[in-house]
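Each chain, letter by letter, is given below.
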Amino acid sequence: MTKEPPVKKYAALLRGINVGGNKKVPMAQLRTVMEGLGHGDVQTYLQSGNAVFSSGEADPDALARALEAAIETHFGFRVPCLVVDGDHLRAVAGACPFPAAELEGRQLHATFFSAQPDPERFAALDAAAFLPEEYRLGDRVLYLYAPDGLGRSKLAEALARPAVVKGLDVTTRNWNTVVKLVELTAAP
């Protein structure tokens, strides 16, 4: 008798969908695609590519690659996906180096990475030149404090340069979304 793997809650973070009329992925169709992969308890949050689901698969990268392939087959275009489990999301929220409770959600962001970036990638950035904006690296995440929001952030622009993110899948969420995804991936 083989033991079934434990079921975990995950968040799928899709990059660059439903922005400016490009790469349209209706959330109802995304849920159907994900259910077709055998995922349970599929929910979407907002229209910007956040989905929560349960799976017995223990490898988030395998889940991400399977979802990318299914989206490309269904919609006809590639969408980079990151899959993180609820434990990682809670760790990201708990390790935030900025006073999240005192800030507006639009001022604080988490950029999720497909792998831990080498701090050397950020060495050429003169952090002092971007103040009062600041960033800190965490475990496969970068925390960004942008007091005027992401859209006006010069630091966010610098952090998105190819020299910094080359070879990594990255996607950013505001803090309100991070908190909601933590809630949605909480057991059971």
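Here the structure is a predicted model, which means the values were calculated and not measured.

Draft legend 1. Expanded view of the overall build of the protein. Within the protein one finds six helices and eight strands. Taken from N to C terminus, the helices and strands of the protein fall in the order β-α-β-β-α-β-α-β-β-β-α-α-β-α. Its C-alpha atoms put the protein at 60 × 35 × 30 Å along the principal axes. Sorting the 188 residues of the protein into buried and exposed places 44% on the buried side. Partitioning the intrachain contacts of the protein with sequence separation of at least 6 by distance along the chain shows that 69% fall at a separation of at least 24.

Draft legend 2. Region of the structure containing the pattern of salt bridges. This model, assessed by the stated rule, comprises nine salt bridges. With a shortest N-O distance of 2.8 Å, Arg136 and Glu134 are connected by a salt bridge. What makes Glu134 partly exposed here is its relative accessible area of 25%. A salt bridge links Lys180 to Glu183; the shortest N-O distance between them is 3.0 Å. Taken together, the positions of Lys180 and Glu183, both in helix 6 (residues 175–184) and three residues apart, correspond to about one turn of that helix. The class for Lys180 is partly exposed, based on a relative accessible area of 26%.

Draft legend 3. Fine view of the sheet that holds strand 7 (residues 141–145). In space, the four strands of this open sheet follow the order 6-7-5-8, with antiparallel pairing throughout. On the outer flanks of this sheet lie strand 6 (134–137) and strand 8 (170–174), each paired with one strand and no other. Across the sheet, the mean angle separating the axes of adjacent strands is 20 degrees when strand polarity is ignored. Relative to strand 7, strand 6 is paired through four bridges, and the arrangement is antiparallel.

Calculation rules
- Residues numbered from 1 in each chain as written.
- Predicted model: local features only at pLDDT ≥ 70, side-chain atom pairs only at ≥ 80, totals over all residues.
- Heavy atoms only, no water.
- Helix = DSSP H or I, 4+ residues; strand = E, 2+ residues; numbered from the N terminus.
- Buried < 20%, exposed > 50% of the residue type's maximum accessible area, 1.4 Å probe, protein only.
- Contact = heavy atoms within 4.5 Å.
- Salt bridge = Lys/Arg side-chain N within 4 Å of Asp/Glu carboxyl O.
- Pairing = 2+ DSSP bridges.
- Axes fitted to C-alpha atoms, helices over the stretch in contact; angles between N-to-C directions.

Geometric values such as these leave the question of function open.
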